[in-house]
Amino acid sequence: MQTVNDITFVLRSSGERTEVACLNILDEIFGVDVQVIRAVPFSEALRQSLIAGVEKGKTLTFIIDADVLPSKEGVLQLLEYMSARPHLFEAQGEVMDKFFLVPRAAGVHLYRTAFIPEALRFIPESTASLRPETSMIKAMEKAGKPQGQTSILVGLHDFEQDYEKIFRTAWFHSRKHHYLYRKYFLDEWRKRSYDTDYKIALAGLSQGLVSRKQVYADISCFSSEISTFFQAYNFEQKKPLVGYSGKDVTEMLESLFHSAHYIKTVRRHSQLLKRKELSKSFRYKLLRNFSSLHCYAVSRFMQLKLKVRHTV
């Protein structure tokens, strides 16, 4: 397995409330310097992050977004996974996502640095793709440099964000994942609207669904609308996040996976996949986004049944 000395650590940030916490947790895990990249649009942040890895010249380049709170156990497992597969260009685990309500692939990438120069030419312009990083990875797969997608849980995603970021994310994903937001998550967010985060997300989702504005993977696309919304409704912004540690991430993950809300969400997802009226394309997109979740749901429910029987 590669050691810390073989890895360049890069944090991509656009001013997330969790940026400092993410850096602190990485310091807890590895005790190394992390290079912070602040650039827009996202395609440029991706380019600069990868170039930072090339310039350092280490075997692997670990890139994490500042809206992720990493799990020590998960990150170390991902490094072990990548070290055992020298043919891979990139490896990715999953994060527990506050707004998707289940684990999904996002926010953390581990790249083999030797392949990065070839990958740079596959980064699309910001106006050409809502998923610049995914587009690049798929292009590299076609070129014979595969990706390793795993169900290793590497952290929390979009937890503890400020309201502007939540509004922007919900709007953007109403375009990027419209097949999920219209048919799946709208009801789930409404059920959780006692949490102000979900109220703001519903507002951003609504804005995205009714607006005809063209959006890209660029935070500047949303600045005027965000300003208008928060001036009109006068939400008090959250205070800076202080003292969040790796232990907090572990405890949060454990509590989420044992919560009734999470179990109901997994059950609903499994039922959704069985609905006959779903088009083949929608079913495929669900499976693509939650491939490991469907397998996890089966094992999770088996564990719960066994636990109940043992208790009784």
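About the criteria used
Position numbers for residues count from 1 along each chain, tracking the sequence in the order it is written. For this predicted model, a pLDDT threshold of at least 70 governs which residues receive local features, and a threshold of 80 or more governs which side-chain atom pairs are given and counted, while totals over whole chains, interfaces and linings are taken from all residues. Excluding hydrogens and water, the side-chain figures rest on all heavy atoms present in the structure. We call a set of buried Ala, Val, Leu, Ile, Met, Phe, Trp, Tyr and Cys residues a nonpolar core when their side-chain atoms join them within 4.5 Å. The buried label applies to any residue whose accessible area, calculated with a 1.4 Å probe on protein chains only, is under 20% of its type's maximum; exposed applies above 50%, and partly exposed to all values in between. Note on conventions: DSSP H or I runs of at least 4 residues are helices, E runs of at least 2 residues are strands, and numbering of each starts at the N terminus. Throughout, a residue-residue contact means that at least one pair of heavy atoms, one from each residue, lies within 4.5 Å. Here, any two strands with at least 2 DSSP bridges between them count as paired. Paired rings are identified among Phe, Tyr and Trp, the last through its six-membered ring, by centres lying within 6.5 Å, and are further divided according to the angle between planes into stacked (under 30 degrees), edge-to-face (over 60) and tilted (the rest). Orientation is described by lines fitted to C-alpha atoms, with helices fitted over the stretch in contact, and by angles between N-to-C directions that extend from 0 to 180 degrees. Roughly parallel here means an angle under 35 degrees, roughly antiparallel means over 145, roughly perpendicular means 65 to 115, and every remaining angle is called oblique. Salt bridge, as used here, is a side-chain nitrogen of Lys or Arg placed within 4 Å of a carboxyl oxygen of Asp or Glu.

Student: Explain the nonpolar core here, please?
Tutor: Looking at soluble globular proteins, one finds that nonpolar side chains tend to be buried together. Counting 38 residues, the largest nonpolar core has F62, I64, V108, L156 and Y244 as its most contacted members. No other element matches the 6 residues that helix α1 (residues 19-30) contributes to this core. Apart from the residues lying within four places of it in its own chain, the contact partners of I64 are V10, L11, R12, C22, L26, P70, G107 and V108. Within the second largest apolar cluster, 19 residues are counted, among which are I166, A170, W171 and F230.

Student: Looking at this structure, I do not really get the pairing of strand β3 (residues 60-65). What am I missing?
Tutor: The side chains of a regular strand alternate, residue by residue, between the two faces of the sheet. Counted residue by residue, β3 has 6 buried out of 6 residues, so it is predominantly covered. Two elements, strand β1 (residues 7-12) and β3, share 6 bridges in a ladder whose sense is parallel. Directly across from I7, in β3, lies its bridge partner L60. Judged from the 5 bridges that link them, β3 and strand β7 (residues 108-112) form a sheet pairing that is antiparallel. In the strand pairing of β7, F62 is matched with L110.

Student: Please clarify how the packing of aromatic side chains should be interpreted in this entry.
Tutor: The relation between two aromatic rings is expressed through the spacing of the ring centres and the mutual angle of the planes. Tallied over the entire structure, the rule returns 6 aromatic pairs. With 4.6 Å between their ring centres and 40° between their planes, F9 and F30 make a pair best called tilted. In this pair, F9 sits in strand β1 while F30 sits in helix α1, placing the two residues 21 residues apart along the sequence. Exposure remark for F30: the relative accessible area of 12% places this residue in the buried category. Measuring from ring centre to ring centre gives 5.1 Å for F89 and Y111, while their planes differ by 55°; the resulting arrangement is tilted.

Student: Honestly, unusual backbone geometry in this entry has me stumped. Any pointers?
Tutor: Apart from glycine, the bulk of residues carry a negative phi angle, and the bulk of peptide bonds sit in the trans form. Backbone torsion omega between V40 and P41 reads -5°, so that peptide bond is classified as cis. Relative to the elements of secondary structure, P41 occurs in the loop between β2 (35-37) and α2 (42-56). One non-glycine residue, D158, lies in the positive phi region at around 65°. By secondary structure assignment, the location of D158 is in the loop between β8 (147-157) and α6 (163-176). Notably, E160 is not glycine yet its phi reads approximately 65°, a positive angle. Classification of E160 by relative accessible area gives partly exposed; the value is 26%.

Student: Is there a simple way to think about the packing of α2 against helix α5 (residues 132-142) in this case?
Tutor: If you want to describe how two helices pack, look at the angle between their axes and the distance between the axes. As a packed pair, α2 and α5 sit with axes 9 Å apart at the nearest point and diverge in direction by 55°. As far as their axial angle goes, α5 and α2 are oblique. The residues of α5 that touch α2, namely those facing F42, S43, L46 and L50, are P132, E133 and M136.

Student: Explanation requested: the pattern of salt bridges in the structure shown.
Tutor: Oppositely charged side chains may form a pair once their charged atoms are brought near each other. Under the counting rule described, the total for this entry stands at 14 salt bridges. As a salt-bridge pair, R12 and D65 come within 2.7 Å of each other at their nearest N and O atoms. With R12 in strand β1 and D65 in strand β3, this residue pair connects regions lying 53 residues apart in the sequence. The buried category is assigned to R12, whose relative accessible area is 4%. With relative accessibility at 16%, the residue D65 sits in the buried group. Linking K145 and E118 is a salt bridge whose minimum nitrogen-to-oxygen distance equals 3.3 Å. Note that K145 is positioned in the loop between α5 and β8 and E118 in helix α4 (residues 116-120), a separation of 27 residues in sequence. Residue K145 is classed as buried on the basis of its relative accessible area of 18%.

Student: Can you walk me through the environment of A52 in this structure?
Tutor: Along the chain, A52 turns up in helix α2. Put simply, A52 and Q35 are 17 residues apart on the chain and 8.0 Å apart in space, counted from C-alpha to C-alpha.

Student: Would you mind going over the pairing of β8 with me for this structure?
Tutor: Note that strand β4 (residues 68-70) and β8 share 3 bridges and pair antiparallel. Its bridge partner lying in β8, P70 is registered against G155. Sheet topology places strand β5 (residues 90-97) next to β8; 7 bridges connect them, and they run parallel. When the bridges of β8 are listed, V95 appears paired with G155.

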